[in-house]
Amino acid sequence: MTRIAVIGGGKIGTALIGGLIDGGHAPDRVSVADPAQEAIARLRGDFGVVAAEDAPHAVENADVVFLCVKPHQVVGVLEEIADTLDDSDGNPVVVSMAAGITLATLEPAVGAGTPVVRVMPNTPMLVGRGVAAIAPGRYATAEVLDLVAGLLEQVGVVERVTEAQLDAVTAISGSGPAYFFQFVEAMCDGGVSLGLTREQSLRLAAETMAGAAEMLSRPGADPVRLRADVSSPGGTTVHATRALDEAGLRGAVYAAMQACHDRSAQLGRAD
Ligand SMILES: NC(=O)c1ccc[n+]([C@@H]2O[C@H](COP(=O)([O-])OP(=O)(O)OC[C@H]3O[C@@H](n4cnc5c(N)ncnc54)[C@H](OP(=O)(O)O)[C@@H]3O)[C@@H](O)[C@H]2O)c1
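We now turn to the structure provided with this report. Here the structure is a predicted model, which is why all the values come from computation and not from measurement.

Regarding the state of the cysteines
With the rule as written, the count across this model stands at zero disulfides. Here Cys68 is not cross-linked by a disulfide; its sulfur's nearest cysteine counterpart is in Cys260, at 19 Å.

Thoughts on the pattern of salt bridges
The full count for this structure, using the stated rule, is eight salt bridges. Between Asp245 and Arg250 there is a salt bridge, with the nearest N and O atoms lying 3.4 Å from each other. Residue Asp245 is classed as partly exposed on the basis of its relative accessible area of 37%.

Structural notes on the site of the ligand
Close to the ligand lie 22 residues, the nearest being Ile12, Asp34, Val69, Glu80 and Ala99. With respect to the ligand, the backbone of Met97 contributes an N or O atom lying 3.4 Å from an oxygen atom. For the ligand, whose accessible area on its own is 900 Å², the fraction buried by protein is 76%. If you map the ligand onto the pockets, it falls in the second largest pocket. When contributions to the shell around the ligand are tallied by element, the ones reaching two or more residues are helix H1 (11–22) and helix H4 (74–87).

Focus on empty space enclosed by the protein
Applying the stated criterion across every chain, the model contains one cavity of 30 Å³ or more. Forming the boundary of the largest cavity are Pro121, Asn122, Met125, Gly130, Val131, Ala132, Leu152, Val155, Gly156 and Val157. Taken together, the elements giving at least two residues each to the lining of the largest cavity come down to strand S7 (130–136) and strand S8 (156–160). Looking at the lining of the largest cavity residue by residue, the classes come out as seven nonpolar, three polar and no charged.

Rules behind the numbers
Residues numbered from 1 in each chain as written. Predicted model: local features only at pLDDT ≥ 70, side-chain atom pairs only at ≥ 80, totals over all residues. Heavy atoms only, no water. Disulfide = S-S within 2.5 Å. Salt bridge = Lys/Arg side-chain N within 4 Å of Asp/Glu carboxyl O. Buried < 20%, exposed > 50% of the residue type's maximum accessible area, 1.4 Å probe, protein only. Near = heavy atom within 4 Å. Polar contact = N/O pair within 3.5 Å; in protein donor to acceptor, adjacent residues only side chain to side chain. Areas by Shrake-Rupley, 256 points an atom, 1.4 Å probe, with all protein chains shown as cover. 1 Å grid on protein atoms, 1.4 Å probe; cavity = no way out; pocket = protein on both sides within 12 Å on 5 of 7 lines; lining within 4 Å. Sits in = over half its atoms within 2 Å of the grid points. Helix = DSSP H or I, 4+ residues; strand = E, 2+ residues; numbered from the N terminus. Points joined across faces, edges and corners; volume = space filled by probe spheres on them. Nonpolar A, V, L, I, M, F, W, Y, C, P; charged D, E, K, R; others polar.

As structure tokens, then:
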């Protein structure tokens, strides 16, 4: 079974480990490093994974190394582990989950020939419903990409893209969960303003979103058709969706996604 190192036991590292273990990966084949001892103790307690002393110890003998640290920490971590990767018997693949850090930065920071893959994940990975877009570096063969995709498929769906598309991916699925949380938060405020309790509003809004998402995930589902189906002439729903359009919902979504895309591109240029 593939030996995995996870560097960084924060939100994304925890989501990845949880999904891999739930998906049947053997805990003794997953080692994790994080400076926070509490984070390591929690991951060992919750999932039985191996707690490494530091990043170089975690990557010893690993086949796949997931970098789950903040973007500004990635190069430092690569410098820490470069020698251990070089000394490795195999040719481990380095998988960066960091927003905005380009292959042009990642590849020179590891030894020549080391395969690198960039991933844009999202946090629903924690519940096995993540979306991960993967873009290969120059040494990442089809076989390497299949290996990485196979692991990430244990925590959600995988979309293969080019590196140039990753800023757009960040704007839709990377940051997307936050848009939906914000929308539900607004619906809760709306429910309270109409006389429901906050708890009732949250339950109704969240379950509505989960059910609608389930309908959208069926093969051939089309949001235009689904909305038309629930919009009877002169009815309540069409009055609501018209009000959303008049308030500028579409414009707000375009602007939010453009802002996200541009910030991701800016982070990439600055790295
Ligand atoms: N969260 C999201 O929704 C999301 C979505 C898409 C992509 N991402 C990407 O995923 C990556 C991780 O994000 P996150 O939200 O999981 O961050 P996070 O919660 O801050 O976790 C990062 C962890 O890495 C640890 N770390 C720092 N330096 C280390 C080192 N040398 N060795 C081992 N561990 C080290 C950090 O410890 P300290 O706190 O002590 O520094 C922290 O616990 C980011 O690059 C981000 O761009 C996140």
